[in-house]
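# Geometric and topological summary
Each chain is listed here by its residues.
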Amino acid sequence: NEGGTGCSTGRVKYEGKYGSLCNPSRTGYTFDGWSLSVNGTIINADDEFNIYNDITLYDNWTPITYTITYHLNNGSQGSGAVYNYNIETSTFNLPTPSRTNYQFLGWYESSSLSGNTISKVTKGSYGNKNYYASWAGCTDGTLKYDQSKGYICVKNRSSENYSYECGTYACG
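None of the values given here were measured: they were computed from a predicted structure. (Residues numbered from 1 in each chain as written. Predicted model: local features only at pLDDT ≥ 70, side-chain atom pairs only at ≥ 80, totals over all residues. Heavy atoms only, no water.)

So, about unusual backbone geometry. Phi at N39 takes a positive value of approximately 55°, unusual for a residue other than glycine. Residue placement: N39 occurs in the loop between β1 (29–35) and β2 (58–63). Overall, the relative accessible area of 67% leaves N39 in the exposed class. Phi is positive for N74, close to 75°, though the residue is something other than glycine. Relative to the elements of secondary structure, N74 occurs in the loop between β3 (66–71) and β4 (84–85). The exposure class of N74 is exposed, given its relative accessible area of 70%. (Helix = DSSP H or I, 4+ residues; strand = E, 2+ residues; numbered from the N terminus. Buried < 20%, exposed > 50% of the residue type's maximum accessible area, 1.4 Å probe, protein only.)

This part is about the sheet that holds strand β6 (residues 102–108). Read across the open sheet, the four strands follow the order β4-β3-β8-β6; overall the sheet is mixed. Each end of this open sheet is capped by a strand with a single partner; those strands are β4 and β6. As defined by bridge partners, β6 adjoins strand β8 (residues 129–137) across six bridges and the pair is classed as antiparallel. Residue Q103 lies in a different strand from β8, and its bridge partner there is A136. (Pairing = 2+ DSSP bridges.)

Counted according to the given criterion, the structure contains ten aromatic pairs. Centroid distance Y29 to W61: 6.5 Å. Interplanar angle 70°. Geometry classified as edge-to-face. Of this pair, Y29 sits in strand β1 while W61 sits in strand β2, placing them 32 residues apart in sequence. Since its relative accessible area comes to 14%, Y29 is described here as buried. A relative accessible area of 13% means that W61 is categorised as buried. An aromatic cluster of at least three residues, connected via ring pairs, comprises Y70, Y83, F104, W107, Y131 and W135. (Phe/Tyr/Trp six-rings, centres within 6.5 Å; stacked < 30°, edge-to-face > 60°.)

The subject of this paragraph is the nonpolar core. Note that soluble globular proteins tend to have their nonpolar side chains buried in a common cluster. In this structure, I68, Y70, L94, W107, V121 and Y131 are the most contacted members of the largest nonpolar core, which totals 14 residues. Counting only elements with at least two residues in this core, the list comes to β3, β6 and β8. With near-sequence residues (within four places) excluded, Y70 lies in contact with Q77, A81, V82, Y83, L94, P95, W107 and Y131. Counting residues in hydrophobic clusters, the runner-up holds five residues, among them Y29, F31, W61 and I87. (Core = buried A, V, L, I, M, F, W, Y, C linked by side-chain atoms within 4.5 Å. Contact = heavy atoms within 4.5 Å.)

Written as C-alpha cells, this is what we have:
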C-alpha cells in the first residue's frame, strides 16, 4: 500500500466473493478502495474472485481538500489568495493583504496574534487552516518605516506657517 496503515495479508477462495476488505487509513487522504492494478477499477465486496494465483491488491486514495480562511482584521485580500489545498499541493506563499494607513506585519495561526508569523503553506500540510492578519498603523498620519524604531505613525501638524513630523511616541 502507499503509506496506509491498518491492513494485513488476507485470503479469498477461488470463485468466491471478495467480501469485506479492510479499510486502511492515511493522513490527508480518503481511501477509495482496492483494485487489481494501479489506479484500476475498484473492487466491490460482491465481486467474484476468478483468479487462481496469488494476487496483489492496490490501494487507491484521493487527497482530502482542506479550506483556508483568512481573517483580514479590516484589511482587503491581496491577489493570488489560495482558499483550498490538499496534502499534495505544491508549497505556496500566503497573500499580502492591504489596509489604508496600515502596514501588514504577517499572518498568525492564533487569533491572539501570538507565536511566529506564517508566510507559506508547505507541501505535505493538511487540515483546515485559519490565518489572522496583523497590522501596524495610524489613522491620523502616514505610516513610515524607521530603521531604529520600526513602523511609526508620522503625523503632519502645522502651526503658524510651519509643519513638522513626529513619531507615534513623541507626539500625542
